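# Close look at the chain arrangement
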Amino acid sequence: MKKILHMLKNIGAFKLLMLTMAGIINAFGITVFLTPVKLYDSGISGTSMLLSQITPDALSLSVFLIALNIPLFLYGLKKQGGSFTFCAIFTVAVYSVTAWLITDVLPIDVSIASPLAGTDLLLCALFGGVISGIGSGLAIRFGGAMDGIEVMAVIFAKRLGLSVGSFVMVYNIVLYIICGAVIHSWILPLYSIVTYAAALKTVDYIVDGLQREKAAMIITAKPDDIKEQLMAEFGCGMTLISAVGGYSGTERTVLYFVVNRFQVMKMKDIVQKLDPLAYITLTEVADIFSVNQDKT
């Protein structure tokens, strides 16, 4: 009990609140948009939806979510740590309870059609994917997870020579093929792929932010001129790195500079005007951690 209380203190009330919101939002997207028209979510959630359809009514979606997810989270305890495992189980528990409340307790009819989108498969696929993606993204952003398949991906992907994303994708492809074979139709599994794509993109936006910064690496023989002009134009600092050309052996300077997407073209124009031979590479930056982000 003391360990649990200590863990709760370290996690914090705000994070628990956000994980609670994540579970509620995910359950809303699944039960209000996907389950009524028999579309499938991805991962263990999608597996639970399929199993709940082909087993007796007593074995509901909520039962399978807990029965399948919690053992996977516990299996990954050593790999992921106690705090993550607790947050993940807590989020799945909230998701399961909320799904049960919506389907079996609240006066909402989700038995044959979505209360908001009717039987329109495309609307249900898109909105169900986006809303459940918001829930999954919040869970990941605040230290938990909504699906045990992600834990299995972290543990087994490298052993199989796959990336984590590829492992999850292969699992979902197999899942949708099985769904099509079980229900003898490919319409719902194909629409479920739309759900998966919408959810995946939404998770990226929630976890990484709507507007990603761009990190520019500028290799130039005129670092002082470019540095002064860029700092004057954008009002921020940068980092200078000494470098040597691999082919020529000539000394060069690399300027590391972070801009937003609206500043990229202006930055290119300044650099190319001052040094037409400068070499520029751009990469996306999901998060920036610094005591002072304006002066580097």
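To keep things clear, this report deals only with the structure shown in the data block. (Residues numbered from 1 in each chain as written. Predicted model: local features only at pLDDT ≥ 70, side-chain atom pairs only at ≥ 80, totals over all residues. Heavy atoms only, no water.)

## Overview of the overall build of the protein chain
Secondary structure assignment for the protein chain yields 12 helices and four strands. For 296 residues, the compact-globule estimate of 2.2 N^0.38 gives 19 Å, and the protein chain exceeds it by more than 25% at 24 Å. Summarising its shape, the C-alpha atoms of the protein chain cover approximately 75 × 50 × 40 Å along the three principal directions. Counting every position in the protein chain, which comprises 296 residues, the buried fraction comes to 40%. Across the protein chain, every contact between residues at least 6 apart in sequence was considered, and the portion connecting residues at least 24 apart equals 72%. (Helix = DSSP H or I, 4+ residues; strand = E, 2+ residues; numbered from the N terminus. Rg over C-alpha atoms; globule rule 2.2 N^0.38 Å. Buried < 20%, exposed > 50% of the residue type's maximum accessible area, 1.4 Å probe, protein only. Contact = heavy atoms within 4.5 Å.)

## Some points on the side chain of D275
Relative to the elements of secondary structure, D275 occurs in the loop between α12 (264-274) and β4 (279-285). It is K222 that comes nearest to the buried, bridge-free D275 among opposite-charge side chains, at 5.3 Å. Of the polar contacts made by the side chain of D275, one reaches the side chain of T220; its length is 2.5 Å. Those residues in contact with D275 that sit more than four places away from it in its chain are T220, A221, K222 and I226. (Lys, Arg positive; Asp, Glu negative; His and termini not counted. Salt bridge = Lys/Arg side-chain N within 4 Å of Asp/Glu carboxyl O. Polar contact = N/O pair within 3.5 Å; in protein donor to acceptor, adjacent residues only side chain to side chain.)

## Notes on the nonpolar core
Generally speaking, a soluble globular protein has its nonpolar side chains buried in company with each other. Within the largest apolar cluster, 50 residues are counted, with the highest numbers of intra-cluster contacts made by L39 and M152. Mapped by element, the contributors of at least two residues to this core are α2 (13-34), α3 (43-54), α4 (61-75), α6 (82-105), α7 (121-141), α8 (148-156), α9 (164-183) and α10 (187-208). Other than its neighbours up to four places away in sequence, L39 contacts L34, M49, L121, C124, A125, L188, Y191, S192 and T195. Counting residues in hydrophobic clusters, the runner-up holds 15 residues, among them A216, I218, M238 and A278. (Core = buried A, V, L, I, M, F, W, Y, C linked by side-chain atoms within 4.5 Å.)

## Focus on the pairing of strand β3 (residues 251-259)
Here strand β1 (residues 213-220) pairs with β3 via seven bridges, running antiparallel. For A215, the partnering residue across the bridge sits in β3 and is V258. Alignment of strand β2 (residues 239-244) against β3, held across six bridges, turns out to be antiparallel. Each residue of the ladder has a partner; that of I241, found in β3, is V254. Taking the residues that link successive antiparallel strands as the turn, the β2-β3 hairpin has six residues, and the phi of G249 there is positive, at about 75 degrees. (Pairing = 2+ DSSP bridges.)

## Topic: the pattern of salt bridges
Between side chains of opposite charge, a pair can form when the charged atoms approach closely. Following the criterion strictly, the structure yields one salt bridge and no others. With a shortest N-O distance of 3.7 Å, K227 and E228 are connected by a salt bridge. By relative accessible area, E228 is classed as partly exposed at 48%.

## Thoughts on the packing of helix α11 (residues 223-234) against α12
A packed helix pair is summarised by two numbers, namely the angle formed by the two axes and the spacing between the axes. Look at α11 against α12: their axes get within 10 Å of each other, and the N-to-C directions meet at 150 degrees. Here α12 runs roughly antiparallel to α11, going by the angle between their axes. Regarding α11 and α12, the two cross each other, and that crossing is right-handed. Here D225, I226, Q229, L230, E233 and F234 of α11 lie close against α12, whose contacting residues are K266, M267, I270, V271 and L274. Split by residue class, the contact of α11 with α12 holds seven nonpolar, one polar and three charged. (Axes fitted to C-alpha atoms, helices over the stretch in contact; angles between N-to-C directions. Parallel < 35°, antiparallel > 145°, perpendicular 65-115°, else oblique. Left-handed = near helix turned anticlockwise from the far one by under 90°. Nonpolar A, V, L, I, M, F, W, Y, C, P; charged D, E, K, R; others polar.)

## Description of the environment of G43
Tracing the chain through its elements places G43 in helix α3. Spatially, the C-alpha atom of G43 lies 7.9 Å from that of L175, the residues being 132 residues apart in sequence. When sequence neighbours within four positions are dropped, the list of residues in contact with G43 reads D147, I149, Y171, N172 and L175.

## As for the environment of Q80
By secondary structure assignment, the location of Q80 is in helix α5 (residues 77-80). Ignoring anything within four residues of it in the chain, the contact list for Q80 reads V151 and V154.

Don't take any of this as a statement about function, it's just geometry.
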